[in-house]
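Overview (structure and organization)
Here is how the chains run, residue by residue.
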Amino acid sequence: MELKKSPKADLNNKRGLLLEIGLVVSLLLVIAAFAYTPKEYRIEIVTEYVAPVEEEITEVTRQDQKPPEAPKKVEVKVITDMLEVVTNDTKITTDVDFAEFDENTEVIQQVEVKEEVIEDDQPFLIAETMPSFQGGDLNKFRTWVQQNIRFPQIALENGIQGRVVLSFVIEKDGRLTNIQVLQSPDRSLSDEAIRVLSKSPKWSPGKQRNQVVRVKYTLPVDFRVQN
């Protein structure tokens, strides 16, 4: 005799439902696995030896502070000790005789006039009375210089010529001093010009406010070869 199961007890009828339930459960397990994160643990490695760090200690220097100076004593004179206080009824007498003063007397104030002293060190460029050379001016002296000039042989052989500019000072006694070369094409020409100026006769000195003064001049000397 063949045994047959009841349709309610047959599990094959519920096979599809069980499959769906299994899929849902497995999906939930996967989601739960991704959502779960384990805790992180940090492991610190501690070194067994640490070198000590030496700190440089800077010495603090202190300056010796001077004790404050004691206040100076200032003596203050009382005005009442310097002035004599009198009453309004007191008569004041003076030693001035007002009878010596007359209204018609003309008072003349004498003013002492000091003569202006002119410094000797600084020479004048232009004076009230300029120095003179043998009764003439600077042009006459230049003519005298050109007449006494000798053309240097070394400059003549090398074809050197030109103008030498010099400056000099006429002293109070008429001497010619402080000869300086301001411009020269060659040393041989300037040496010859200095030689002639150093032999100059005395001048008549210049004057400023009726006082003899020093006067400075500038003189050009020409060295030209004439054909």
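Since this is a predicted model, take the numbers as computed values, not measurements.

Some remarks on the overall build of the protein chain
- On a plain count of helices and strands, the protein chain comes out with five helices and five strands.
- In the protein chain, the succession of helices and strands from N to C terminus is α-α-α-α-β-β-α-β-β-β.
- When each of the 227 residues of the protein chain is scored for burial, the buried share is 18%.
- Contacts in the protein chain between residues far apart in sequence, at least 24 positions, make up 75% of those at least 6 positions apart.
- Put simply, the protein chain shows about 21700 Å² of open surface, and 52% of that area lies on carbon and sulfur atoms.

Here's the deal with the packing of aromatic side chains
- Using the criterion set out here, one finds 10 aromatic pairs in the structure.
- Ring geometry for F168 against Y217: centres 5.8 Å apart, planes inclined by 40°, an arrangement best described as tilted. Remark: Y217 occurs in strand β5 (residues 215-223) and F168 occurs in strand β1 (residues 162-170); sequence separation between them is 49 residues.
- Members of the aromatic cluster, joined through ring pairs, are F133, F141, W144, F168, W203 and Y217.

Comments concerning the pattern of salt bridges
- Tallied over the entire structure, the rule returns six salt bridges.
- In this structure, E171 engages R214 in a salt bridge whose closest nitrogen and oxygen atoms are separated by 2.9 Å. With a gap of 43 residues between them, E171 in the loop between β1 and β2 (176-183) and R214 in the loop between β4 (211-213) and β5 connect regions that are remote in the sequence.
- Judged by its relative accessible area of 13%, E171 is buried.
- Judged by relative accessible area, R214 falls into the buried class, the value being 13%.
- Residues D173 and R175 are paired through a salt bridge, measuring 2.7 Å at the closest nitrogen-oxygen approach.
- Several salt bridges converge on common partners, so that one network encompasses R142, R163 and D222.

Some remarks on a nonpolar patch on the surface
- Nonpolar side chains collect at one region of the surface, where L17, L18, I21, V25 and L29 lie side by side and expose about 490 Å² of accessible area between them.
- Residue placement: L17 occurs in helix α1 (residues 15-35).
- Accessibility expressed as a relative area gives 52% for L17, which makes it exposed.

Remarks on unusual backbone geometry
- Unusually for a residue other than glycine, Q134 sits at a positive phi of about 50°.
- You can see Q134 is positioned in the loop between α2 (79-82) and α3 (138-148).
- Residue Q134 is classed as partly exposed on the basis of its relative accessible area, which comes to 47%.
- One non-glycine residue, N178, lies in the positive phi region at around 55°.
- With respect to the secondary-structure elements, N178 resides in strand β2.

Structural notes on the side chain of Q208
- Position of Q208 relative to the elements: it lies in strand β3 (residues 206-208).
- Side-chain polar atoms of Q208 contact the backbone nitrogen of E128, separated by 2.9 Å.

A closer look at the packing of α3 against helix α5 (residues 187-198)
- Their axes nearest at 10 Å, the elements α3 and α5 cross at an angle of 120°. Between α3 and α5, the angle is such that the two are oblique. Crossing of α3 over α5 shows right-handed handedness. Side by side, α3 and α5 meet where F141, W144, V145 and N148 of the first sit next to E192, R195, V196 and L197 of the second.
- Residues belonging to the contact of α3 with α5 are distributed by class as follows: five nonpolar, one polar and two charged.

Scoring rules and cut-offs
Residue positions are given per chain, counting from 1 as you read along its sequence in written order. Selection of residues for local features in this predicted model requires a pLDDT of at least 70, selection of side-chain atom pairs for listing and counting requires 80 or more, and totals for whole chains, interfaces and linings are taken over all residues. To obtain the side-chain values, all non-hydrogen atoms of the structure were used and water was disregarded. We count a stretch as a helix when DSSP gives it H or I for four or more residues in a row; a strand needs E for two or more, and each element gets its number in order from the N terminus. Exposure is judged per residue with a 1.4 Å probe applied to protein chains only, and the accessible area is read against the type maximum: over 50% gives exposed, under 20% gives buried, and values in between give partly exposed. In this description, contact between two residues means that some pair of their heavy atoms is separated by no more than 4.5 Å. Using the Shrake-Rupley algorithm and a 1.4 Å probe, accessible areas are obtained, with residue cover drawn only from the displayed protein chains. Note on ring pairs: Phe, Tyr and Trp rings are taken, using the six-membered ring of Trp, and paired if centres are within 6.5 Å. Classes follow the plane angle, with under 30 degrees stacked, over 60 edge-to-face and the rest tilted. The rule for a salt bridge is simple: a side-chain nitrogen of Lys or Arg has to be within 4 Å of a carboxyl oxygen of Asp or Glu. Patches here are clusters of residues that have more than 30% relative accessible area and form no salt bridge, with a 9 Å joining cutoff for like charges and a 5 Å cutoff for nonpolar side chains (Val, Leu, Ile, Met, Phe, Trp, Tyr). A 3.5 Å cut-off defines polar contacts: any pair of N or O atoms within that distance qualifies, except that in protein one atom must be a possible hydrogen donor and the other a possible acceptor, and neighbouring residues in sequence count only when both atoms are side-chain atoms. Helix axes are fitted only over the stretch in contact, all axes being lines through C-alpha atoms; the angle between N-to-C directions runs from 0 to 180 degrees. Working rule for angles: under 35 degrees goes down as roughly parallel, over 145 as roughly antiparallel, 65 to 115 as roughly perpendicular, anything else as oblique. Two helices cross in a left-handed way if the nearer one is turned anticlockwise from the farther one by less than a right angle. They cross in a right-handed way if the turn is clockwise. Residues are grouped as follows: Ala, Val, Leu, Ile, Met, Phe, Trp, Tyr, Cys and Pro are nonpolar; Asp, Glu, Lys and Arg are charged; all remaining types, including Gly, are polar.

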